[in-house]
Structure formats: C-alpha cells, structure tokens
Amino acid sequence: MPDLRMPALNDGDWTDVRPWMKNALDFFPERQDFQWAASGGKEGERPVTLSIAFPYAGHFVMRSGWEENDGYLLFDGGPHGYDHQHEDKLNIVLYAQGRVHLTDPGTHSNDHSKWHTYVRSTRAHNTVLVDGLGQNRQARANREAGVSTPLPHTWVSNPSFDFASASYEDGYGAQRSRGVTHTRSILFIKPDVWIVTDFLRATDGAIHRYEALFHLDSIKVDVVGNGKSVETCNRDAGNLGIYGLVPEGTELDVISGQEEPVVQGWIPRGKPSQCIPLPTAVYTTEGGGTTSMSFLLAPIAAKEISPVSYAERLTGSEGTAAGRVLLKDGRMIHFAARLPDEADLVLDDFRSDGEAFAIVEVADGTIAEVMEVNGSGLKRNGHLVQLGEQLNGAD
C-alpha cells in the first residue's frame, strides 16, 4: 500500500515491507525500487508499476500512485488456498488519503472462540452474504494448494481506467447451497473513484436475501443523502464515502459491536485475543433471477467535503447495471456493466457488446475518456464514440 504495508489478508498481519526490502537489497543491490521502499522513499527510485494483476493468486491491485495520500484498492478473486485461509472471495481492501478505509480483519488467536470463527468468516469481510450465510470453500473434500491455471477473471488496465471481475460459485452455509452465484466487477476511474458492482444470480427459482458488507476503519460513520450512502467521520484525517446505487427497497444499517443475533461489526485490535467494535455498513436487498447492486467508493481529503455531487442508478435489463455520477469538479461519469452472457449494454444513446464501459464527460459536455471492456467498439446512435465528441450538442 502507499504507506509501505501489506494488507492483512487471511491469517496475516499488516506488515511493514521496509525491513524485508532491506533484506532483498542484499540479493538485488541494483534494484533502485527496493532501495526506495527500504528507505521509506528517501533513497532510490519510486516504483514505476501502478496497477497490476497477479492472476494465479487472483489478486488485482488498482492504484493511483506511491505517495502517502494516493489511492489503492486490492480485490481478491483468487483460489481458497490450502491453510490459514478465510472465507473471503471477492473481498476488497481500500486505502486512500493516508489511511485504510475498508479493512480486513487479519488474524486472531487460534482458539475455539466466537471471535476466531467470526474473523475467518465471510461476515468479517467486504463481500456479500446470501440468506445470512457465508461462503464455504473449507468444506470441500479436496482443497487445492494452488492452481495450475488462473481462475476465471477479467483484468483490463490503461492510464485512465482499471477493470477487474471475478465470481464465487462454491456455495453458501453449512450445506454449501449453490443456488446463487456472486459476480463482482470493479471499475477504477483514475485517479480517485471506484465503482463496485455486485451481480447475484439465483438459479433455483427462489427469492434470496443479500447483504453487502463494508467494514469501515473509523470511529464514527454517518448515513447521508437519501439514506443509501455513508461517510466516515475522521476529524483530522482522510475519509471515505460509499454511495449506494441499489434497488428500491434496499435497507442500509451501520452495525458496530453486535453479538446477537449474530456477531457483526468487530475487528481484532488491542490486547491479544481482543476484538473491538468497528462500524460496518450493511446493504440488504432481496431478489430472484439476477439482482445487481452498485456502490461508488469516493475518498474524501482531510477536512474537505465529499467530491460527489450525486450518484444515480439507471434502469437496465436483468443482468446489467448502469449509473451516472456527477463530481464536484465537473466530471460526469456514465457507466454500465453486465454478466458475460447477458444482452448488450444500453445506456441512453450508447450501446456496447462488451462486459463493461465507462465514459468521462467534462464540464463543457466533451468526452474526455472512454473505456470498453472486451467489446467491439462503444457506439452512440450507431457511430463509434470518439474522444472530444460533444454529448450535449448535436450528433
């Protein structure tokens, strides 16, 4: 991360990489980027790599830079692993403006307490519960120590956008019910906002309840706007806004320090084996067929207000999600995403046969950036969209 720590994934800790980079320099003294990390940025040269995919691990990193206030998101779309793993596929960790905002619980004492069970469960991670049940890969008869080929995923990265997508289909709860598949896609509009879209596809004909969880590393969190958004309230540090583009009837609760009816809103911190309350935003909705929820994640600079003017969900066909976001700097973001086997994406006058697309329109109505994922060309009224095209004028 920009603070030179590794995220606390699975039974790991938040690890300072500087001493490890000092050791690495003994073997690779020519590596100026190792020198930069080992010295905390005082010597050597800053790494040139920004966003990157590790396909066999299934980890996808989207970042804007290496400075303390730069943005960083890690998305886990990989295999379960052999040991010390958590039920956390499609989890995300987000750092921006000098601190972690969406956190991972990391490790806990290896005991038989409810806290140990909680920390390893889906409920303690930033992903989705189905009918109150978590993922269950641990129960498989044959657990993989590794993979010979990467699990199915999408990864596209360019100077303006990143996009990643992966799915979980290994069952929920003790019975490993496989009636729902969860696909999560993440679009990074560089340098400062992410759009997370969750598709929950039910194949058993039933109505299911879905809970999207966001564990916020903050003492206080406010529900804002139309009651479907939250912002952290760190007085002298950066903050995060989560703006829900969710179906009608979706409920938002912020849970912290709950033990009954289920453990929710805790993180291991403080004394050994201790957990302390942690505000957790829980978006709950119900649906059959394919249900989609999108979330705009927008870092907020210290002592500043949110950069978001508004974010709206747009109606599309089943298996697709679309929305529009206006930022206070005048940028308008139009986006759409779909499951791979669904119909073409249609948003206003735009059409795409890709997995997703995004358009950034600046204040004068000019298209400044365009991204299409695995498509044959984004079209507007039958013509390929061009940079510099005016959206508020004649075609």
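One can find the structure itself at the top, above this paragraph.
Description of the structure in this document.

The rules behind the values
- Residues numbered from 1 in each chain as written.
- Predicted model: local features only at pLDDT ≥ 70, side-chain atom pairs only at ≥ 80, totals over all residues.
- Heavy atoms only, no water.
- Helix = DSSP H or I, 4+ residues; strand = E, 2+ residues; numbered from the N terminus.
- Rg over C-alpha atoms; globule rule 2.2 N^0.38 Å.
- Contact = heavy atoms within 4.5 Å.
- Areas by Shrake-Rupley, 256 points an atom, 1.4 Å probe, with all protein chains shown as cover.
- Lys, Arg positive; Asp, Glu negative; His and termini not counted.
- Charge placed at Lys NZ, Arg CZ, Asp CG, Glu CD.
- Pairing = 2+ DSSP bridges.
- Axes fitted to C-alpha atoms, helices over the stretch in contact; angles between N-to-C directions.
- Phe/Tyr/Trp six-rings, centres within 6.5 Å; stacked < 30°, edge-to-face > 60°.
- Buried < 20%, exposed > 50% of the residue type's maximum accessible area, 1.4 Å probe, protein only.
- Lys NZ or Arg CZ within 6 Å of the ring centre and 35° of its normal.
- 1 Å grid on protein atoms, 1.4 Å probe; cavity = no way out; pocket = protein on both sides within 12 Å on 5 of 7 lines; lining within 4 Å.
- Points joined across faces, edges and corners; volume = space filled by probe spheres on them.
- Nonpolar A, V, L, I, M, F, W, Y, C, P; charged D, E, K, R; others polar.

### Some points on the overall build of the chain
Part 1: Counting its secondary structure elements, the chain contains 3 helices and 30 strands.
Part 2: Whereas a compact globule of 395 residues would reach a radius of gyration of roughly 21 Å, the chain reaches 21 Å, a difference of no more than 12%.
Part 3: Each of the three principal axes of the chain carries a C-alpha extent, and together these read 65 × 55 × 45 Å.
Part 4: At a minimum sequence separation of 6, the contacts of the chain that also span at least 24 residues come to 57%.
Part 5: Within the structure as shown, the chain displays about 17400 Å² of accessible surface, and the carbon and sulfur contribution to it stands at 49%.
Part 6: When the 35 basic and 54 acidic side-chain charges of the chain are each reduced to a single mean position, those positions are 4 Å apart.

### Here's the deal with the sheet that holds strand β28 (residues 367–373)
Sheet strands pair via backbone hydrogen bonds, and the direction of the pair is either parallel or antiparallel.
Part 1: Strands sit in the order β22-β23-β24-β27-β28 across an open sheet of 5 strands; the sheet is antiparallel. Two strands bound the open sheet, and with one partner strand each, they are β22 (308–314) and β28. Here the strands of the sheet are splayed against their neighbours by 10° on average, with no regard to which way each runs.

### Focus on the packing of aromatic side chains
Part 1: Scanning the model with the defined rule gives 11 aromatic pairs in all.
Part 2: Look at F188 and W194: their rings are 4.5 Å apart centre to centre, the planes differ by 10°, and that puts the pair in the stacked class. W194 carries the same exposure label as F188, and that label is buried.
Part 3: Consider the rings of F214 and Y283, whose centres lie 6.1 Å apart with planes at 90°: the pair is edge-to-face. Taken together, the residues span a long stretch of sequence, with F214 in strand β13 (residues 208–215) and Y283 in strand β20 (residues 280–287) at a distance of 69 residues.
Part 4: We classify F214 as buried; its relative accessible area is 0%.
Part 5: According to the relative accessible area criterion, Y283 is buried, its value standing at 0%.
Part 6: Here a set of aromatic residues connected by ring pairs shows up, and it is made of F60, F75 and W155.
Part 7: The ring of W66 carries the charged tip of R63 above its face, separated from the ring centre by 3.6 Å.

### Quick word on empty space enclosed by the protein
Part 1: Per the counting criterion, the structure on display carries 2 cavities of 30 Å³ or more.
Part 2: Its boundaries defined by the atoms lining it, the largest cavity holds a volume of some 50 Å³.
Part 3: Lining the largest cavity are F163, S185, I186, L187, I195, T197, F335, A336, A337, A356 and F357.
Part 4: Looking at the lining of the largest cavity, the elements with two or more residues in it are β11 (180–189), β12 (193–202), β24 (332–338) and β27 (356–361).
Part 5: The residue makeup of the lining of the largest cavity, split by class, is 9 nonpolar, 2 polar and no charged.
Part 6: Looking at the second largest cavity, its volume works out to about 40 Å³.
Part 7: Lining the second largest cavity are F163, S165, T183, S185, F199, A337, R338, L339, P340 and E355.
Part 8: For the lining of the second largest cavity, the secondary structure elements donating two or more residues are β10 (161–168), β11 and β24.
Part 9: Residues belonging to the lining of the second largest cavity are distributed by class as follows: 5 nonpolar, 3 polar and 2 charged.

### Thoughts on the sheet that holds strand β5 (residues 72–76)
Part 1: Across the sheet, which stays open at both edges, the 5 strands sit in the order β3-β4-β5-β6-β7 with antiparallel pairing between neighbours. The open sheet has two free edges, formed respectively by β3 (52–54) and β7 (99–102), since each of these has just one partner strand. Along the sheet, successive strands turn relative to each other by an average axial angle of 15°, direction set aside.

### Quick word on the pairing of β22
Part 1: As judged from the 6 bridges shared by β22 and strand β23 (residues 320–327), these two strands associate in the antiparallel manner. Considered in β23, the bridge of V308 is made with L327.
Part 2: Between β22 and β23, which pair antiparallel and follow one another directly, the connecting turn spans 5 residues, one of which, G319, has a positive phi of 85°.

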